[in-house]
Amino acid sequence: MLNLVEQLQMSLILVCGPMGAGKTTYALEYARATNAIRFSIDSWMQTLYGKDANTLDYNWIMERVNRCHIQIWELASQVLMLGGKVILDLGFTTRSDRKKFVKLAKEINIVPELHCLSASPDKRRVRITKRNVVKDPELYAFEVTDFMFEFMEKRFESLAQNEVEIMVAVNLDNEGK
Ligand SMILES: Nc1ncnc2c1ncn2[C@@H]1O[C@H](COP(=O)(O)OP(=O)(O)OP(=O)(O)O)[C@@H](O)[C@H]1O
Ligand SMILES: [Mg+2]
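Everything numeric in this text was worked out from a predicted model, so none of it was measured.

Draft legend 1. Expanded view of the environment of Arg64. Structurally, Arg64 can be placed in helix H4 (residues 58-81). Along the chain, Arg64 and Leu48 lie 16 residues apart, while their C-alpha atoms are 9.1 Å from each other. Those residues in contact with Arg64 that lie beyond four places of it in its chain are Met45 and Tyr49.

Written as structure tokens, this is what we have:
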């Protein structure tokens, strides 16, 4: 029998990792396996702002990502307070993004688990190329170019020491699940 702290810890999962590591795939599978509600940022951004985006302006995009974060947390926190499980697949590229959600969770007495996915850059590049071709609607929101891959690669911030305490490491370097 899990104690209360363990139950609360398992109720919120934050999925992080560099581009193409398999975050959305993992979140889909985890949500199905645990009856969790999943929020994936790419589909929110594509549905709400895809038609409005005519340049690749990072600040323009991040301003809207942050608006989505507010609305996603509004829904996610309701689910959590009703005793449900939530998995957030929101990129979590930077330490400050991760810290923001850890803080929001703590405000409702939840310690999230940070599931940190990894795979080599070469494998991730191949996966992104394949995703661009296959266009599985559950995984593909928009075309990711080599330029976008390199751009995001530089932005991913590895875990800080204080984040390691809540980390669950998931190595997806091997093909398949
Ligand atoms: N463990 C795995 N082994 C092989 N291929 C995988 C694995 N996980 C995901 N993939 C494939 O890699 C591609 C990218 O996966 P996914 O979209 O889940 O990555 P992501 O981390 O969410 O990417 P992004 O950073 O763009 O959000 C997809 O085509 C998916 O089918
Ligand atoms: Mg994704």
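Draft legend 2. Seen up close, the site of ligand 1. Ligand 1 sits among 15 residues. The nearest are Gly22, Lys23, Thr24, Thr25 and Arg131. One of the backbone N or O atoms of Ala21 is found 3.2 Å from an oxygen atom in ligand 1. Take Lys23: an N or O atom from its side chain is 2.7 Å from an oxygen atom of ligand 1. Compared with its free state, where it exposes 640 Å², ligand 1 has 90% of that area covered by protein. Put simply, the parts of the chain that give the shell around ligand 1 at least two residues each are helix H2 (23-34) and helix H6 (121-134). The element that contributes the greatest number of residues to the shell around ligand 1 is H2, accounting for three residues. Class assignment for the residues of the shell around ligand 1 results in three nonpolar, six polar and six charged.

Draft legend 3. Structural context of the pattern of salt bridges. Here the structure, examined in full by the defined rule, presents eight salt bridges. One salt bridge connects Glu138 with Arg32, and the closest N-O pair in it is separated by 2.5 Å. Of this pair, Glu138 sits in the loop between H6 and helix H7 (146-155) while Arg32 sits in helix H2, and the two are 106 residues apart along the sequence. With a shortest N-O distance of 2.6 Å, Glu163 and Arg98 are connected by a salt bridge. Of this pair, Glu163 sits in helix H8 (residues 161-164) while Arg98 is found in helix H5 (residues 95-107), placing the two residues 65 residues apart along the sequence. With respect to class, Glu163 is no different from Arg98; both count as buried. The network of salt bridges with shared partners includes Glu63, Arg64 and Arg67.

Definitions and cut-offs
- Residues numbered from 1 in each chain as written.
- Chains lettered and ligands numbered in written order.
- Predicted model: local features only at pLDDT ≥ 70, side-chain atom pairs only at ≥ 80, totals over all residues.
- Heavy atoms only, no water.
- Helix = DSSP H or I, 4+ residues; strand = E, 2+ residues; numbered from the N terminus.
- Contact = heavy atoms within 4.5 Å.
- Near = heavy atom within 4 Å.
- Polar contact = N/O pair within 3.5 Å; in protein donor to acceptor, adjacent residues only side chain to side chain.
- Areas by Shrake-Rupley, 256 points an atom, 1.4 Å probe, with all protein chains shown as cover.
- Nonpolar A, V, L, I, M, F, W, Y, C, P; charged D, E, K, R; others polar.
- Salt bridge = Lys/Arg side-chain N within 4 Å of Asp/Glu carboxyl O.
- Buried < 20%, exposed > 50% of the residue type's maximum accessible area, 1.4 Å probe, protein only.

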